Amino acid sequence: MKLCMIGTGYVGLVSGVCFSDLGNDVICVDKNKNKINLLQNGQVPIYEPGLSELVIKNFRNKRLSFSSDLKSSVKNSDIIFICVGTPTKKDGSSADLSQIYNVTKEISSSINKFKIIITKSTVPVTTGDQIEKILSKRNNKNKFAVVSNPEFLREGEAIRDFIYPDRIVVGSNEKKTNRVLKNLYSPLISKGAKYLNTSRRAAELIKYASNAFLATKITFINEIANLCEKTGINVEDISIGMGLDKRIGSRFLRAGPAYGGSCFPKDTKAIISTAEKFNINLSVIKSVIRSNKNRSNILLKKIYEILKNKVKNKKITFLGVTFKANTDDMRDSSSLLMIPALSKKGATIKYYDPTGHKKEFKNIKNVYFEESIKKSIKDSDLIIIHTEWNDFKSINFKNLIKGKKPIIYDMRNIYSNFKINSQGFKYFSVGK
Ligand code: NAD
């Protein structure tokens, strides 16, 4: 079976590379020729730990190739994974499915033999029905099967998540197609992944419901953290105490900045919009979005309090600006709200991120990228630990900082009050 991944972004590239590493013949397609050129020269356009090595290994083994010619790649493949973006529409609510439908139209004119066409992109309920409708205009229904196989990998842990997923969800009612996919995933199933075969619509909804639930967990503990700050309680005790209950579980119960990234913000909005089409009010998810939107304001207010409302001319350092560690992804990162707000108030911001300079801050006044932690914290009044990179977990502030002692605001609760206070620094964290 030959596989074709359409869209060579975080999901398409990682899953394509992993499928090839499992012994499949995979072609990764992208309309962005620049990306394809880089990949053909052994360079990986995104930051994802371990990805580069796997790309090079499988490219050399000739199991993995790259192309910007969608039609011929589809013609030469049996299983087509659609992995293009499904961002929020300009109206700010529903998912923009134009990339999905553009790709579908191109696939439609390239069906030369039976193809299994799979949405790995996160798509609203009934998108599979629409894809089927588009393909049926030109092709006989026995020439293709449309399946939903949502992807649950996390950026920064993507390869591990792909190879050891908790579950593989395949939405298809067709026995033969289901057999082919179960066979494709058999190396992962034999490593312990649960294989769940559902209806196509159910698979589409499982993905959105999962992301909305995880976003709810984060938002829930962030609000509890606010209460902890007022009542002299350590939110970490609450997280542990709650998490030990197997019905709740400890993951995604760590207080910190607003959730961001390429999935939770857009998927929470999209599921609400889908539900509204069916006259269903997802009020819990609506309040999660509201609360998360307000989260950056709450943290900003705390920064102003720490600086005694004297933000003008203050030198502020951001350690990490991506929405989470081990990724270069800036989509909906809370730093995109906080840094411009502080700049507007007259602060100078220096930031260091292990994935380098960010174009998002190019036009923001007095925001500068520094090449090292040391340079970024030099002469700082306030150091904000924004992203939980390992690089920031054992900084010896005492050794690095000579002279004026900055305040440290640890938004990820990496350090302890005791540890930092004993080095002579004022320390603030979240939910304590
Ligand atoms: P991305 O933006 O990183 O990549 C999408 C790629 O598709 C881009 O490289 C783009 O050039 C390409 N593309 C768009 N139209 C094309 C076309 N007509 N032909 C060929 N290529 C085309 O997106 P992503 O983060 O990989 O997400 C893709 C999908 O997977 C989304 O629906 C997302 O919600 C879902 N998802 C993402 C993650 C994640 O962690 N990023 C996890 C699970 C699911």
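Look above for the structure.
Residues numbered from 1 in each chain as written. Predicted model: local features only at pLDDT ≥ 70, side-chain atom pairs only at ≥ 80, totals over all residues. Heavy atoms only, no water.

Caption draft 1: Representation of helix α2 (residues 33–40) within the structure. The opening residue of α2, the one whose side-chain oxygen lies 3.1 Å from the backbone nitrogen of asparagine 34, is asparagine 32. Directly after α2, the chain includes glycine 42, whose backbone phi takes a positive value near 80 degrees. (Polar contact = N/O pair within 3.5 Å; in protein donor to acceptor, adjacent residues only side chain to side chain. Helix = DSSP H or I, 4+ residues; strand = E, 2+ residues; numbered from the N terminus.)

Caption draft 2: Inspection of the pairing of strand β2 (residues 25–29) at higher detail. When you tally the buried positions in β2, you get four out of five residues, the bulk of the element. As defined by bridge partners, strand β1 (residues 2–6) adjoins β2 across five bridges and the pair is classed as parallel. Looking at the pairing, methionine 5 lines up with cysteine 28 of β2. Chirality of the crossover, the property in question, places the unit of β1, helix α1 (residues 10–21) and β2 among those that are right-handed. As paired strands, β2 and strand β3 (residues 64–67) are joined by four bridges and run parallel to one another. Residue pairing across strands places isoleucine 27 opposite serine 65, the latter belonging to β3. (Buried < 20%, exposed > 50% of the residue type's maximum accessible area, 1.4 Å probe, protein only. Pairing = 2+ DSSP bridges. Right-handed = clockwise from strand over helix to strand, strands pointing away.)

Caption draft 3: Expanded view of the pattern of salt bridges. Taken as a whole, this structure holds 19 salt bridges when the rule is applied. Across the pair arginine 200 and glutamate 132 runs a salt bridge, and its minimum N-O distance is 2.9 Å. In this pair, arginine 200 is assigned in helix α10 (residues 200–231) and glutamate 132 in helix α6 (residues 127–138), connecting sequence segments 68 residues apart. Residue arginine 200 is classed as buried on the basis of its relative accessible area of 13%. (Salt bridge = Lys/Arg side-chain N within 4 Å of Asp/Glu carboxyl O.)

Caption draft 4: How the structure looks around the environment of methionine 411. Along the chain, methionine 411 falls in the loop between β13 (407–410) and α17 (417–421). In this structure methionine 411 comes out as buried when scored by relative accessible area, which is 0%. Beyond its immediate stretch of four places on either side in the chain, methionine 411 contacts Ala255, Gly256, Pro257, Leu299, Ile303, Met338, Ile384, Ile385, His386 and Val430. (Contact = heavy atoms within 4.5 Å.)

Caption draft 5: Representation of the side chain of lysine 358 within the structure. Relative to the elements of secondary structure, lysine 358 occurs in the loop between β10 (348–352) and β11 (367–369). A polar contact of 2.8 Å, which involves the side chain of lysine 358, links it to the side chain of threonine 355.

Caption draft 6: Local environment of the packing of helix α12 (residues 264–277) against helix α13 (residues 283–306). Axis separation between α12 and α13 bottoms out at 10 Å; the angle between their running directions is 145 degrees. Pair α12 / α13 crosses with left-handed handedness. Contacts from Thr268, Lys269, Ile271, Ile272 and Glu276 in α12 reach Ile285, Lys286 and Ile289 in α13. Its residues assigned to classes, the contact of α12 with α13 comprises four nonpolar, one polar and three charged. (Axes fitted to C-alpha atoms, helices over the stretch in contact; angles between N-to-C directions. Left-handed = near helix turned anticlockwise from the far one by under 90°. Nonpolar A, V, L, I, M, F, W, Y, C, P; charged D, E, K, R; others polar.)

Caption draft 7: Structural detail: the packing of aromatic side chains. Per the counting criterion, the structure on display carries 13 aromatic pairs. Note on tyrosine 352 and phenylalanine 369: the rings are 6.4 Å apart at their centroids and 20 degrees apart in plane angle, and the pair reads as stacked. In this pair, tyrosine 352 is assigned in strand β10 and phenylalanine 369 in strand β11, connecting sequence segments 17 residues apart. The rings of Tyr351, Tyr352, Phe361, Phe369 and Phe392 are connected pair by pair, giving a single aromatic cluster. The side chain of lysine 405 reaches across the aromatic face of phenylalanine 425, ending 5.3 Å from its centre. (Phe/Tyr/Trp six-rings, centres within 6.5 Å; stacked < 30°, edge-to-face > 60°. Lys NZ or Arg CZ within 6 Å of the ring centre and 35° of its normal.)

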